[in-house]
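Structural overview for review
Here's the letter readout for the chains.
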Amino acid sequence: MILTCIMQRVFRTNIPAIHNWFVTTGMAGMVLLTICTPAQGQATTISDFEGVWKIAKPSNSLEASTPVVLTAEGRKALAENKRLRSQHKYDDYDITISRCSSPGVPRLMLTPMRFRIWQRLGVVTFDFEWNRALRQIDMRGRPTEPLLAPQMTGQTTGRWEGDALVAETVDVSDRTLIDDIMPHSSDMRVTERIRLVDADTLEDRITIDDPIYYAKPWGGVVTYTRQPATPFFPEHVCLDRRDTAARAMRGK
Amino acid sequence: MTAYRKHSSRARMLALTAGILNLGAGVAVAQMAAPPPGGPPSGNAPAPPPPGRGPGAGLAPPPLPPLTEAQKILTALPPPMKAGLFPQPPVTADDPVSPADPRDFQGIWYHDQPLEVRIQKDMYGAEPPVTMAGANVIARRVRSAEAGKPFINASAKCLPPGPQWQRDLNFPFQIVQGKTWVAFIFEEYHGRWNISLDPKTTPLPGGTDFMGRSIGHWEGDTLVVESTGFKQALWLDVDGTPLSPNGRLVQRIRKVNLGDGKPFLEIITTIEDPQYYTHPWNIVRRFAWHPNLPVFKEYNCEEQVGDPSGVTDAGLVVETAD
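These remarks concern the structure in this document. Source: prediction; values computed, not measured.

1. Here's the deal with the overall build of chain A
- Regarding its fold elements, chain A presents five helices and 11 strands.
- Counting all 252 residues of chain A, 50% fall into the buried class.
- Across chain A, contacts joining residues at least 24 apart in sequence account for 57% of those joining residues at least 6 apart.
- Only carbon and sulfur atoms are counted for the fraction: they give 55% of the accessible area of chain A, which is about 11700 Å².

This is the structure we're talking about:
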């Protein structure tokens, strides 16, 4: 009990401190940390997702594992996106392509580049190689207020259910897409169940709930493979590369 | 949570831009500092020696040297905007504590001193030791902004602004570290400051970065970080105090814990750049422990700056070459 409470105190500051403790005490390889929560009197399991990850099968689309049933408004929005794409009018529907704006949630989880996960201070931070983007999941269980202005990554809170992190994201700007084409309204709620399939495989079960555009919730499963540990990614500046590409296209 | 922290990234971007543009009305807490009273602009007069001690007894600071011709150019400039500081929620006893290890900087920190829009003094109160080239660059930038034509800089282009400007902003950042590396993750500009403590085992990525290449080592409990190899010239502050791509920043970082539950990071930065400064000079900043700000607000300046059809670069103009 004393040990677990000490661990709990340390954990609130620094999960790797616990991880390192396991390593230095010969308990390396343990991926599930169980701490005591005296207030509830029951064990809570917290998975250690920290590390560098990369999508296993890169795809521009969130490949649905359940049927996608659009509402009339959703069909209209999707048709418009397809029309704009056929005319290469990217800035009218996909400002990630045209401006390097954050892809937001859940599209960031489809990035073909690496990302790193930190679990610190009650927050799970996804530190993306692409344009040094961030998304965070607040696990502290504190009450939240709706954002005054929606964000590309919205506002995400999470909780543990068994060994899965269940994240709920709301307040996502409707200037983002679910993937490279699927639209959503500002009322979208994204639910993710993130868990370790094994020590080197991370799974994100994504569910889209947006009654304005979709008649029923739908989603897909994205998996990631653990990458060699490195604390640094190259400084990726999307705008820099976009401008370079634009100059090249102009022959300058 | 203050209303300020609820600003959208665009609003904060505009606020910063407004600062660059000297649009005082657009920045709630910015106000023009009163003009200098017309006396010698060489800093505060040295304090009188304490009773019983004559001049030169060792306790009074030495008199500041007379201004150079280059420094006189700086002192003749209009004063910079004076930035305010928005209060942050207080750290409570329920919040996580900073690790006891003085070499463990991990956690959330927040620059809790008002932003110096233009660095007018070194840490000893002396004028920056500008060369004539350095003075002319600062004067050109300040006067162009005064004339309503502020120059484009990395911030306006949504590019990483370099370690000094990045740290100076009053926004939280997180430090994570291992035995051979330290990483700063900033709320603003998607900022990352990567420091290798052992390039052999933990090399920095190849190429030149906007944030430069930073190598660190420990001197006691102080982390000494040398940053060089910048991809482009830096602005060290909003008004454009310069650092050439060949310049060097040496940061001495230590965690100070006075036992009052309010640890802070102290970062002394030595600025070395013979092109713009006659000798290395130092500035100091303080960063408060703020574990209660672990969730960052989104900063998505690309949405505005990347607009291919509208005004980019926040309406700033291209700077003329030296």
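And the narrative resumes.
2. Digging into the sheet that holds strand S3 (residues 107-111) of chain B
Residues and elements named next belong to chain B.
- Read around the barrel, nine strands follow the order S3-S4-S5-S6-S7-S8-S11-S12-S13 and close on themselves; strand pairing throughout is mixed. Between one strand axis and the next, the sheet turns by 30° as a mean value, whatever way the strands run.
- Summarising the sheet, strand S7 (residues 213-219) and strand S8 (residues 222-228) pair through seven bridges and their orientation is antiparallel. Its bridge partner lying in S8, Arg 213 is registered against Thr 228.

3. Regarding the pairing of S7 of chain B
- Judged from the two bridges that link them, strand S6 (residues 192-196) of chain B and S7 of chain B form a sheet pairing that is parallel. Considered in S7 of chain B, the bridge of Ser 196 of chain B is made with Ile 215 of chain B.

4. Quick notes on the nonpolar core
- Phe 126, Leu 165 and Ile 208 of chain A are the most contacted members of the largest nonpolar core, which totals 60 residues.
- Here Phe 126 of chain A is in contact with Met 109, Phe 115, Arg 116, Ile 117, Ala 133, Leu 134, Arg 135, Ile 137 and Ile 194 of chain A, once residues within four sequence places are set aside.
- Leu 74, Val 137, Phe 230 and Trp 281 of chain B belong to the second-largest nonpolar core, a separate cluster that totals 20 residues.

5. As for the pattern of salt bridges
Residues and elements named next belong to chain A.
- Tallying each qualifying case throughout the model produces 33 salt bridges over all chains.
- Across the pair Arg 159 and Glu 161 runs a salt bridge, and its minimum N-O distance is 2.9 Å.
- The exposure class assigned to Glu 161 is partly exposed, which follows from its relative accessible area of 31%.
- Ionic pairing is found between Arg 205 and Glu 203, a salt bridge with its closest N-O pair at 3.1 Å.
- Residue Glu 203 is classed as buried on the basis of its relative accessible area of 7%.
- Through salt bridges with shared partners, one network takes in Arg 159, Glu 161, Glu 168, Arg 189 and Arg 193.

6. Here's the deal with the packing of aromatic side chains
- Across all of its chains, the model carries 18 aromatic pairs over all chains by this definition.
- Where Tyr 277 of chain B meets Trp 281 of chain B, the ring centres are 5.2 Å apart and the plane angle is 55°; that geometry is what we call tilted. Note on accessibility: Tyr 277 of chain B and Trp 281 of chain B belong to one class, buried.
- Put simply, the rings of Phe 173, Phe 184, Phe 186, Trp 193 and Phe 287 of chain B pair up and form one aromatic cluster.
- One Lys or Arg, Arg 135 of chain A, reaches over the ring of Phe 126 of chain A and ends 5.2 Å from the middle of that ring.
- Lying over the aromatic face of Trp 193 of chain B, Arg 167 of chain B brings its terminal NZ or CZ to 4.7 Å of the ring centre.

7. Digging into the environment of Arg 99 of chain A
- Take Arg 99 of chain A: it is sitting in helix H4 (residues 95-99).
- Looking at Arg 99 of chain A, the relative accessible area reads 8%, which means it is buried.
- Sequence separation between Arg 99 of chain A and Cys 238 of chain A is 139 residues; the distance between their C-alpha atoms is 8.6 Å.
- Filtering out sequence-adjacent residues up to four positions away, Arg 99 of chain A remains in contact with Asp 91, Arg 175, Leu 239 and Arg 242 of chain A together with Glu 302, Glu 303, Gly 306, Asp 307 and Pro 308 of chain B.
- A polar contact of 2.6 Å, which involves the side chain of Arg 99 of chain A, links it to the backbone oxygen of Glu 303 of chain B.

8. Comments concerning helix H3 (residues 72-86) of chain A
All names here are of chain A.
- Counted at 1.5 Å a residue, the expected span for H3 with its 15 residues is 21 Å, and the 21 Å between its end C-alpha atoms agrees.
- The set of residues buried in H3 consists of Gly 74, Ala 77, Leu 78, Asn 81 and Leu 84. Buried residues of H3, seen end-on, are gathered within an arc of 125° and therefore sit on one face of the element. Relative to its buried face, H3 has exposed residues pointing more than 90 degrees away, namely Ala 72, Lys 76 and Ser 86.
- Just past H3, the residue His 88 takes up positive phi, approximately 60°.

9. Regarding the interface of chain A and chain B
- Between chain A and chain B, the contact holds 43 residues from the first and 51 residues from the second.
- Here chain A meets chain B over a buried area of about 3700 Å², counting both sides, of which 54% is carbon and sulfur.
- Run the count over chain A and chain B and you get four salt bridges.
- Ionic pairing is found between Arg 142 of chain A and Asp 95 of chain B, a salt bridge with its closest N-O pair at 3.6 Å.
- Taken together, the elements giving at least two residues each to the side of chain A that touches chain B come down to helix H1 (2-13), H4, strand S4 (115-120), strand S5 (123-128), strand S6 (134-138) and helix H5 (238-249) of chain A.
- The greatest single-element share of the side of chain A that touches chain B, amounting to four residues, is contributed by S5 of chain A.
- Split by residue class, the side of chain A that touches chain B holds 18 nonpolar, 10 polar and 15 charged.

Reading the values: rules and limits
Residues numbered from 1 in each chain as written. Chains lettered and ligands numbered in written order. Predicted model: local features only at pLDDT ≥ 70, side-chain atom pairs only at ≥ 80, totals over all residues. Heavy atoms only, no water. Helix = DSSP H or I, 4+ residues; strand = E, 2+ residues; numbered from the N terminus. Buried < 20%, exposed > 50% of the residue type's maximum accessible area, 1.4 Å probe, protein only. Contact = heavy atoms within 4.5 Å. Areas by Shrake-Rupley, 256 points an atom, 1.4 Å probe, with all protein chains shown as cover. Pairing = 2+ DSSP bridges. Axes fitted to C-alpha atoms, helices over the stretch in contact; angles between N-to-C directions. Core = buried A, V, L, I, M, F, W, Y, C linked by side-chain atoms within 4.5 Å. Salt bridge = Lys/Arg side-chain N within 4 Å of Asp/Glu carboxyl O. Phe/Tyr/Trp six-rings, centres within 6.5 Å; stacked < 30°, edge-to-face > 60°. Lys NZ or Arg CZ within 6 Å of the ring centre and 35° of its normal. Polar contact = N/O pair within 3.5 Å; in protein donor to acceptor, adjacent residues only side chain to side chain. Expected span 1.5 Å × (residues − 1). Arc of directions from axis to C-beta. Buried area = accessible area lost by both parts, 1.4 Å probe. Nonpolar A, V, L, I, M, F, W, Y, C, P; charged D, E, K, R; others polar.

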